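# Working through the structure, step by step
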Amino acid sequence: MMYRRLFLAAGLAALTLTAFAQPTPQPVPSPAAPATAPGPAPVPPPPSVTGTAWLLMDYASGQILAGENIHARVEPASITKVMTSYVVAAEMAAGKVGADDQVQISENAWRGGGAGTDGSTSFLPLGSRVRLQDLLHGMIVQSGNDASIALAEHVAGSHEAFAALMNEYARKLGMNGTHFVNAHGLPHDDHYTTAHDIALMAQAMIRDFPEAYAYHKVKEFTFNNIRQHNRNTLLWRDDSVDGIKTGHTSRAGYCLLSSAKRGDQRLIAVVMGSTSEKQRADDSQALLNWGFRFFETHQVYAAGAQVAEHKVWKGATDQVRLGVAQPVLATVPRGRYEQVRAEMDVPTTLVAPIAAGQPIGTLRLRLDDRLVVEQPLVALEAVPEGGFFRRLMDEFWMWWASE
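None of these values were measured; they are calculated from a predicted model.

### Topic: the pattern of salt bridges
Following the criterion strictly, the structure yields 21 salt bridges and no others. A salt bridge links Arg 266 to Asp 242, with the shortest nitrogen-to-oxygen separation between them at 2.8 Å. Taken together, the positions of Arg 266 in strand S11 (residues 265-274) and Asp 242 in strand S9 (residues 241-249) put the pair 24 residues apart, joining distant regions of the chain. As far as burial versus exposure is concerned, Arg 266 and Asp 242 are alike and both buried.

Structure below.
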């Protein structure tokens, strides 16, 4: 099929094959530049990060602003517990378990993650019954391995079955470089992920289960008369930080998955394999500060917005509106939104019938030579076949145009 490409520069007024029309993009937000500024300030390189892999992602757009070894295999350590909390939240939303469920602490949970181990624990007494919501706090705030195992057994019947459930949810979230074998993150050769997959997991946790995500900003939790603090020291340093999870083993090093929201913008930082608690916190803070200082996110088109119109042959109508099924968001250096260029690839000939939602072409946004966003264009309404004489007439004109 032949395609034609249209270009449109800054301001990103709507693309159209017939007229330049609505919708007008809506900045979210767009800080005003000083009147004396000669142009947008340059963006310096990202901060230097100590670790085996790291990245900074804009939450809303999903764009990676900076990173290194983002698809390399790493051990997640206790960052695994974010997926455990995601699965528990999903099963709660489905009505399969409840916050007030009384969960029995098995010998497996007690021995595998309790006080007799070298790992972090919530000190759950063997054979006791603990409310599910308290176990969530124990797992997320205290990083309790025993709480993780107890939750896994309650939700799925066994720790192994829960790990299979984790992998299924990971697959649905597009975490293609991840495989889980446990709910707590203790080392195992077949338990791994990537910095990019961790960011996708965090994005999903914040988006899909905001009430469950709120547990990740709790600074301390007391159970069995033992008070423990959240190991994410950024919660005390920076009021904009509201999560997410630390991790550490001798094999994984010091890891931190963090997120902060300032104004309308949220960023997610991942630092894996760092050398100390302080180093992972310092690097994560530096990444977040750099991202907020130098980048902004704009909504270019809302979901369902019209982007263009296209001629249709042999249809009940001779035009179809093209648009986007999902919001089009672009994260760009501050002050450079007006320099973003849009282009659209669409087929030269469209023939009815056309179904509503049918992919028709591709919308791309570029800044300089860099692709910022690529998203399908879809038909915003159905166009059925026209009557016999309409189809016959269009067949003639299509033949005539091809000659």
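### Re helix H6 (residues 195-208)
Here H6 is 14 residues long and its end C-alpha atoms lie 20 Å apart, about the 20 Å a rise of 1.5 Å per residue gives. Within H6, the full set of buried residues consists of Ala 195, His 196, Asp 197, Ile 198, Ala 199, Leu 200, Met 201, Ala 202, Gln 203, Ala 204, Met 205 and Ile 206.

### A look at the packing of aromatic side chains
Throughout the structure, instances matching the rule amount to 3 aromatic pairs. Aromatic pair Trp 290 and Phe 295: ring centres 5.2 Å apart, planes at 65°, arrangement edge-to-face. In this structure, Trp 290 and Phe 295 share a single accessibility class: buried. Three or more aromatic residues joined by ring pairs form one cluster here, namely Tyr 86, Tyr 169 and Phe 209. Stacked on the ring of Tyr 192, the Lys or Arg Arg 73 has its end atom at 3.6 Å from the ring centre. If you follow Lys 172 out to its NZ or CZ, it ends over the ring of Tyr 169, 5.8 Å from the centre.

### Overview of the sheet that holds strand S4 (residues 64-68)
With antiparallel pairing, the 5 strands of this open sheet are ordered in space as S4-S3-S11-S10-S9. Of all the strands in the sheet, just S4 and S9 have a single pairing partner and so form its edges. Strand-to-strand, the axes of this sheet are offset by a mean angle of 5°, without reference to chain direction. Pairing of strand S3 (residues 53-58) with S4 involves 4 bridges; the strand directions are antiparallel. Directly across from Met 57, in S4, lies its bridge partner Ile 64.

### Observations concerning the nonpolar core
Counting 62 residues, the largest nonpolar core has Met 83, Leu 135 and Leu 257 as the members making the most contacts within it. If near-sequence neighbours (up to four positions away) are discounted, Leu 135 is found in contact with Val 103, Ile 105, Leu 124, Val 130, Ala 147, Ala 150 and Leu 151. Residues Val 320, Ala 352, Leu 365 and Val 383 belong to the second largest nonpolar core, which totals 29 residues.

### Concerning the packing of helix H1 (residues 80-93) against H6
Here H1 crosses H6 at 35°, and the two axes come no closer than 10 Å. Of the two elements, H1 crosses H6, and the hand of that crossing is left-handed. Taking contact as the criterion, the partners of Val 82, Met 83, Ser 85 and Tyr 86 in H1 are, on H6, Met 201, Ala 204, Met 205 and Asp 208. In the contact of H1 with H6, the residues fall into 6 nonpolar, 1 polar and 1 charged.

### A word on the packing of H1 against helix H4 (residues 145-156)
The geometry of H1 relative to H4 is characterised by a closest axis approach of 11 Å and an angle of 35° between their N-to-C directions. In the crossing of H1 with H4, the sense of the turn from one axis to the other is left-handed. In contact with Lys 81, Val 88 and Glu 91 of H1, H4 contributes Asn 145, Ser 148, Leu 151 and Val 155. Taken together, the residues of the contact of H1 with H4 sort by class into 3 nonpolar, 2 polar and 2 charged.

Conventions used here
- Residues numbered from 1 in each chain as written.
- Predicted model: local features only at pLDDT ≥ 70, side-chain atom pairs only at ≥ 80, totals over all residues.
- Heavy atoms only, no water.
- Salt bridge = Lys/Arg side-chain N within 4 Å of Asp/Glu carboxyl O.
- Helix = DSSP H or I, 4+ residues; strand = E, 2+ residues; numbered from the N terminus.
- Buried < 20%, exposed > 50% of the residue type's maximum accessible area, 1.4 Å probe, protein only.
- Expected span 1.5 Å × (residues − 1).
- Phe/Tyr/Trp six-rings, centres within 6.5 Å; stacked < 30°, edge-to-face > 60°.
- Lys NZ or Arg CZ within 6 Å of the ring centre and 35° of its normal.
- Pairing = 2+ DSSP bridges.
- Axes fitted to C-alpha atoms, helices over the stretch in contact; angles between N-to-C directions.
- Core = buried A, V, L, I, M, F, W, Y, C linked by side-chain atoms within 4.5 Å.
- Contact = heavy atoms within 4.5 Å.
- Left-handed = near helix turned anticlockwise from the far one by under 90°.
- Nonpolar A, V, L, I, M, F, W, Y, C, P; charged D, E, K, R; others polar.

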